[in-house]
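Okay, here's what each chain looks like letter by letter:
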Amino acid sequence: MKDIAIRAFSGLIYVLLLVLSLYNKHALILLFFVFGLICLAEFKKLIQLKGFISYIVFTIIYFIFGYWQLVMQSSVGLDEATQILQVISIFVLLFLIKDLFSEKTIPLFSSKRFILTTFYISSAFVFLILIANYFTIYNPNILLGCFILVWVNDTFAYLVGSRFGKQKLFPSISPKKTVEGFLGGLLFACISSYFIAEYTHTLTFTYWLILSIIVSVFGTLGDLIESKFKRQAKVKDSGVIMPGHGGLLDRFDSIIFAAPFIYLFLRILHYVS
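Sequence positions are assigned chain by chain, starting from 1 and proceeding in written order. Where local features are concerned, this predicted model is filtered to residues with pLDDT of at least 70; where side-chain atom pairs are given and counted, the filter is 80 or more; whole-chain, interface and lining totals use all residues. Side-chain calculation: all heavy atoms of the structure are included, whereas hydrogens and water are not.

(A) Highlighting the layout of surface pockets. As defined here, a cavity is a set of points on a 1 Å grid over the protein atoms alone where a 1.4 Å probe fits but cannot get out. A pocket is an open set with protein on both sides within 12 Å along at least five of seven lines, and residues line them when an atom is within 4 Å of a point. Grid points are joined across faces, edges and corners, and a volume is the space filled by probe spheres set on the points. Size it by volume and the largest pocket reaches roughly 1,600 Å³. Residue lining of the largest pocket: 41 residues in total, with R7, Y158, K177, D223 and R251 positioned closest to the centre. Elements supplying a minimum of two residues to the lining of the largest pocket: helix 1 (2–21), helix 7 (140–164), strand 2 (174–178), helix 8 (179–200), helix 9 (205–233) and helix 10 (248–272). Runs of H or I in DSSP of at least four residues are treated as helices and runs of E of at least two as strands, each being numbered from the N terminus. With 10 residues, the single largest contributor to the lining of the largest pocket is helix 7. Polarity classes work like this: nonpolar for Ala, Val, Leu, Ile, Met, Phe, Trp, Tyr, Cys and Pro, charged for Asp, Glu, Lys and Arg, and polar for all others, with Gly in that last group. Here the lining of the largest pocket is built from residues that sort into 13 nonpolar, 15 polar and 13 charged.

Written out as structure tokens, the structure reads:
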């Protein structure tokens, strides 16, 4: 009972920090900078990468994109830079998906470690800020909706999987995940997309429905990939900063992996609508 209370309290603090910061752009940028540093530190430990270069790279690209308009007094060049970052990031993530399904262990040669810290972890926090600042118009409800989709998917994947799960989804990496759990999480995320559309007044239900599928599929892949990194490192959690939950990366793994794909969809939506 004590463990459940501790888990609930640390989870509540995490959610409150996130939700309260959403309604001030600078507070969100600062909070995600801190979250990014923590996730980066946890990930570096998993892949056994030492040194401070990855922190410097993260800080530079994060604040360049976060404060581009404020510093440059213009959005000129931001779109082109974002496209370049997005293409590279998605390319790296697709290779991680390939490694998930085709390799017993994810290859971690020296240069790949730096590529992953830059285009898997660091760039994800850039895209989270870009999602909230949807094409220069700050709208935190879009980002909040994406987090709600992640939370709904994770919660119901666990509940449905623990009650009805029989077919293992990826037993060699995450023995507790089941196909039934994945489908249950996806179903309830799709249902919740209707209420997000109704109460956030951001995107139409159809677009939120598509986002719920993107979040569920790529969020689950992100969870599995982080589980594979942890299995390679022979640890249960990425860290200990959140009592009862493990590390911050354990809470962010789904949204981190899904963020570039979410932003890609929003980008396509922006140009076709």
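Alright, that's what it looks like, and here's the rest.
(B) Highlighting the pattern of salt bridges. A carboxyl oxygen of Asp or Glu within 4 Å of a side-chain nitrogen of Lys or Arg is what we treat as a salt bridge. As enumerated under the stated definition, the model contains 6 salt bridges in all. Where D99 meets K112, a salt bridge forms, and the shortest distance between an N and an O atom there is 2.5 Å. Taken together, the residues span a long stretch of sequence, with D99 in helix 5 (residues 78–102) and K112 in helix 6 (residues 110–132) at a distance of 13 residues. Put simply, E226 and K230 hold a salt bridge, and the shortest N to O gap is 3.9 Å. With a gap of 4 residues between them, E226 and K230 both fall in helix 9, about one helical turn apart. Both residues of the pair, E226 and K230, count as buried. A single salt-bridge network, built from bridges that share partners, covers K98, D99 and K112. Summary of the burial criterion: residues with accessible area below 20% of their type's maximum are buried, those above 50% are exposed, and those between are partly exposed, where the area comes from a 1.4 Å probe applied to protein chains only.

(C) Expanded view of unusual backbone geometry. One non-glycine residue with positive phi stands out, namely Q48, at about 60°. Positionally, Q48 belongs in the loop between helix 2 (25–47) and helix 3 (53–66). For Q48, a relative accessible area of 64% gives the class exposed. Phi is positive for K234, close to 60°, though the residue is something other than glycine. By secondary structure assignment, the location of K234 is in the loop between helix 9 and helix 10.

(D) Structural detail: the nonpolar core. If you look at the biggest cluster of nonpolar residues, it comprises 81 residues, and the most contacted ones within it are F32, Y120, F125, F229, F252, F257 and I262. With 14 residues, helix 10 is the largest single contributor of residues to this core. The contact criterion used is simple: two residues touch if any of their non-hydrogen atoms lie within 4.5 Å. Leaving out residues up to four positions away in the same chain, Y120 has contacts with F43, L93, L96, I115, G222, I225, E226, F229, I256 and F257. Only buried residues count toward a nonpolar core, which is a set of Ala, Val, Leu, Ile, Met, Phe, Trp, Tyr and Cys residues joined through side-chain atoms within 4.5 Å.

(E) Seen up close, the packing of helix 7 against helix 10. Axes, fitted as lines to C-alpha atoms, cover a helix only where it is in contact. Angles between the N-to-C directions of the axes lie from 0 to 180 degrees. Between helix 7 and helix 10, whose axes approach to 11 Å, the crossing angle comes to 130°. Our classification of the angle between helix 7 and helix 10 gives oblique. For the crossing formed where helix 7 meets helix 10, the hand is right-handed. Contact with helix 7, carried on its side by I142, C146, F147, V150 and D154, involves F252, S254, I255, I262 and L266 of helix 10 and no other residues of that element. Counted by class, the contact of helix 7 with helix 10 contains 8 nonpolar, 1 polar and 1 charged residues. Our angle categories are set so that under 35 degrees counts as roughly parallel, over 145 as roughly antiparallel, 65 to 115 as roughly perpendicular, and the remainder as oblique. Helix crossings are classified by the rotation of the near helix relative to the far one: an anticlockwise turn of less than a right angle makes the crossing left-handed, while a clockwise turn makes it right-handed.

(F) Representation of the side chain of S54. Secondary-structure assignment places S54 in helix 3. Excluding residues within four positions of it along the chain, S54 makes contact with L40, K44 and T117.

(G) Representation of the state of the cysteines in the model. Put simply, a disulfide is two cysteine sulfurs that come within 2.5 Å. Within this structure, the stated rule accounts for 0 disulfides. Counting only cysteine sulfurs, C146 is the nearest neighbor of C39, a cysteine outside any disulfide, at a range of 17 Å. For C39, a relative accessible area of 0% puts it in the buried group.

(H) Representation of the packing of aromatic side chains in the model. Planes of paired rings set the category: under 30 degrees apart is stacked, over 60 is edge-to-face and the rest tilted, where pairs are Phe, Tyr or Trp rings (Trp by its six-membered ring) whose centres lie within 6.5 Å. Considering all chains together, one arrives at 31 aromatic pairs under this definition. For the pair F33 and Y62, a centre-to-centre distance of 5.8 Å together with 35° between the ring planes defines the contact as tilted. Residue F33 is found in helix 2, and its partner Y62 is found in helix 3; the two are separated by 29 residues along the sequence. F33 gets classed as buried once you look at its relative accessible area, which sits at 14%. Since its relative accessible area comes to 1%, Y62 is described here as buried. Ring geometry for F156 and F188: centres 4.0 Å apart, planes at 10°, overall stacked. With F156 in helix 7 and F188 in helix 8, this residue pair connects regions lying 32 residues apart in the sequence. By relative accessible area, F156 is classed as partly exposed at 26%. Pairwise contacts between aromatic rings join Y14, F32, F33, F35, F58, Y62, F63, F125, F147, W151 and F252 into one cluster.

What is shown is where atoms sit, not what they do.
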